[in-house]
Amino acid sequence: MTKTSNVIFKIFAVILGIFTALTISLSSTYGINGNVFRLDRHSEPAKYFWVYSIIILGGITLALGMLLLFKVINGFSKNQLRITAVVLIVLFCTGCFAVIFLFPTIPMTDAFYVHDTAISFAKGDITQIDGTSNYYRKYSNNNMMVYLLAVIYGAAHKLGITDLLTVGRCANALAITGCELCFYFGIKKLTGRLTTAVKFLLVSTLYPTMMLMSSWVYTATFSMPLIGSIVLLSAYLVKTKSKPVTVILSAVCGLIVAVGYFLRPIVVIIGIAYAICLALWAVRDKKRLARSAAALISALVFFVGGFAVCKAIDKKYYTGSDRNFPLSHWIAMGLLGDGTYNQQLVDMAQASATTEEAN
């Protein structure tokens, strides 16, 4: 069984490595012509053969380059691995902060509304989110992001800092770096191999997309350290033999998932994955059943408690609306086309008189 599992994991790792390399290559060549990858049925794919060739060649080159670097890392001593880890973390963090000042731009998203509202909270211009406004009448899913930014901006405002957007970007860079650290220590703890964790750092540092997101202060990036924290806590849960530690770590996971639900629901998906892995881990050894049950109950109790607290906060600082887009709207949008913004679905939801009708 172990040999079969190792073979499966190696095949999966190779496939994942190839796709990672292709993604890095794609992100490097995408600027050549952004419309190349949105060909309709009347387009001539042969016309863009050279673009796809560059992407494939770049992916193969990067894959071979990483394999070579991995081989070099395999020969490192523990001290060399620690030094390499520190260097890569510093490079990653530096890259995130450099982007803030070198590429201070963000996509055209509703992040503008979120920042404006958070700044108004921080300056004391408002005390609640207006549920009758054109934006928040439909979208309450970003409320938690507003509250978090309001706390950060409020602290900066009291210190006399006026450029609050840069403060948000710095917090965003820290969030992305924090996620990187959580994954690094989680992988190190779970595998027991510093070499594997350093390889993760190498791939992350070579992947520019993460760093380029530093200027986009939004739920997508603020939720990342929550996801990383679940991975880190799960690694410690697997390794610990102490029932009290198991209960405490599970409780923290439950709280993180609860906050993540209000910040960006993808955190809940990671939480579900955590519960499934916990169940599978318990099934492999009956002695683990009691610990797994305690962990699950602890996580569930604190998830419910955290959910109630977040709900109370939202009720206090949001006037409410009976025309919010329902959860089914976002699920439908994710299932259609490329899973991005869909104007037709938005028009359908806007035409509904209430949230229940839109659902």
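Values in this document were obtained by computation on a predicted structure and should not be read as measured data. (Residues numbered from 1 in each chain as written. Predicted model: local features only at pLDDT ≥ 70, side-chain atom pairs only at ≥ 80, totals over all residues. Heavy atoms only, no water.)

1. Some remarks on the overall build of the protein
Here's step 1: Assigned secondary structure in the protein consists of 16 helices and 0 strands.
Here's step 2: Counting all 359 residues of the protein, 38% fall into the buried class.
Here's step 3: Carbon together with sulfur atoms contributes 69% to the accessible area of the protein, which is approximately 20,700 Å² in total. (Helix = DSSP H or I, 4+ residues; strand = E, 2+ residues; numbered from the N terminus. Buried < 20%, exposed > 50% of the residue type's maximum accessible area, 1.4 Å probe, protein only. Areas by Shrake-Rupley, 256 points an atom, 1.4 Å probe, with all protein chains shown as cover.)

2. Brief notes about the packing of helix H3 (residues 78-102) against helix H7 (residues 194-206)
Here's step 1: Two elements in contact, H3 and H7, have axes whose closest approach is 9 Å; the angle formed by their N-to-C orientations is 25 degrees. The orientation of H3 relative to H7 falls into the category roughly parallel. Crossing of H3 against H7: the hand is left-handed. Of the residues in H7, those in contact with Lys-78, Leu-81, Arg-82, Thr-84, Ala-85, Leu-88, Ile-89, Leu-91 and Phe-92 of H3 are Leu-194, Thr-195, Val-198, Leu-201, Leu-202, Ser-204 and Thr-205.
Here's step 2: Broken down by class, the residue content of the contact of H3 with H7 amounts to 10 nonpolar, 4 polar and 2 charged. (Axes fitted to C-alpha atoms, helices over the stretch in contact; angles between N-to-C directions. Parallel < 35°, antiparallel > 145°, perpendicular 65-115°, else oblique. Left-handed = near helix turned anticlockwise from the far one by under 90°. Contact = heavy atoms within 4.5 Å. Nonpolar A, V, L, I, M, F, W, Y, C, P; charged D, E, K, R; others polar.)

3. Considering the environment of Ala-251
Here's step 1: Inspection of the secondary structure puts Ala-251 in helix H11 (residues 243-263).
Here's step 2: Ala-251 gets classed as buried once you look at its relative accessible area, which sits at 8%.
Here's step 3: Placed 49 residues apart in sequence, Ala-251 and Leu-300 show a C-alpha to C-alpha distance of 7.7 Å.
Here's step 4: The residues contacting Ala-251, other than those within four sequence positions of it, are Ser-298, Ala-299 and Phe-302.

4. Some words on the packing of aromatic side chains
Here's step 1: With the rule as written, the count across this model stands at 13 aromatic pairs.
Here's step 2: Pairing Tyr-135 with Tyr-139 gives two aromatic rings, centres 5.0 Å apart and planes at 35 degrees, and the pair type is tilted. Taken as a pair, Tyr-135 and Tyr-139 share a single burial class, namely buried.
Here's step 3: On the numbers, 5.4 Å between centres and 20 degrees between planes, the contact of Trp-216 with Tyr-218 is stacked.
Here's step 4: Owing to a relative accessible area of 8%, Tyr-218 belongs among the buried residues under this scheme.
Here's step 5: Of the aromatic side chains, those joined through ring pairs into one cluster are Tyr-113, Tyr-135, Tyr-136 and Tyr-139. (Phe/Tyr/Trp six-rings, centres within 6.5 Å; stacked < 30°, edge-to-face > 60°.)

5. Remarks on the state of the cysteines
Here's step 1: Applying the stated criterion to the full structure yields 0 disulfides.
Here's step 2: Distance from the sulfur of Cys-93, which forms no disulfide, to the nearest cysteine sulfur (Cys-96) is 6.5 Å.
Here's step 3: Lacking any disulfide linkage, Cys-179 is separated from the closest cysteine sulfur, that of Cys-182, by 6.7 Å.
Here's step 4: Look at Cys-179 and you get buried, because its relative accessible area is 8%. (Disulfide = S-S within 2.5 Å.)

6. So, the environment of Ser-204
Here's step 1: Looking at the element boundaries, Ser-204 is found in helix H7.
Here's step 2: For Ser-204, a relative accessible area of 11% translates into the label buried.
Here's step 3: Discounting residues that sit within four places of it in the chain, Ser-204 has contacts with Phe-92, Glu-180 and Met-211.

7. Here we look at the nonpolar core
Here's step 1: Residues Ile-129, Met-145, Val-146, Leu-149, Tyr-153, Phe-222 and Tyr-274 are the most contacted members of the largest nonpolar core, which totals 59 residues.
Here's step 2: A total of 8 residues in this core trace back to one element, the largest contributor, which is helix H5 (residues 143-158).
Here's step 3: Aside from chain neighbours lying at most four places away, what touches Tyr-153 is His-115, Ala-118, Ile-119, Ala-122, Leu-164, Leu-165, Val-167 and Gly-168.
Here's step 4: Listed in part, the 13 residues of the second largest apolar core include Phe-70, Tyr-184, Val-198 and Leu-202. (Core = buried A, V, L, I, M, F, W, Y, C linked by side-chain atoms within 4.5 Å.)

8. Re the side chain of Lys-199
Here's step 1: Relative to the helices and strands, Lys-199 is located in helix H7.
Here's step 2: Although buried, Lys-199 forms no salt bridge, and the nearest oppositely charged side chain, Glu-180, lies 15 Å from it. (Lys, Arg positive; Asp, Glu negative; His and termini not counted. Salt bridge = Lys/Arg side-chain N within 4 Å of Asp/Glu carboxyl O.)

9. A closer look at a nonpolar patch on the surface
Here's step 1: A cluster of nonpolar residues, Tyr-261, Leu-327, Trp-330, Ile-331 and Leu-335, forms a patch on the protein surface that exposes about 510 Å² of accessible area.
Here's step 2: A per-element tally of the nonpolar patch places helix H14 (residues 327-335) first, with 4 residues. (Patch = residues over 30% accessible without salt bridge, like charges linked within 9 Å, V, L, I, M, F, W, Y side chains within 5 Å.)

10. What to know about helix H6 (residues 164-191)
What sets the pattern is the α-helix's 3.6 residues per turn: residues three or four places apart point alike.
Here's step 1: Spanning 28 residues, H6 covers 40 Å between terminal C-alpha atoms, matching the ideal 40 Å at 1.5 Å per step.
Here's step 2: Downstream of H6 by one or two residues, Gly-192 has phi in the positive range, about 75 degrees. (Expected span 1.5 Å × (residues − 1).)

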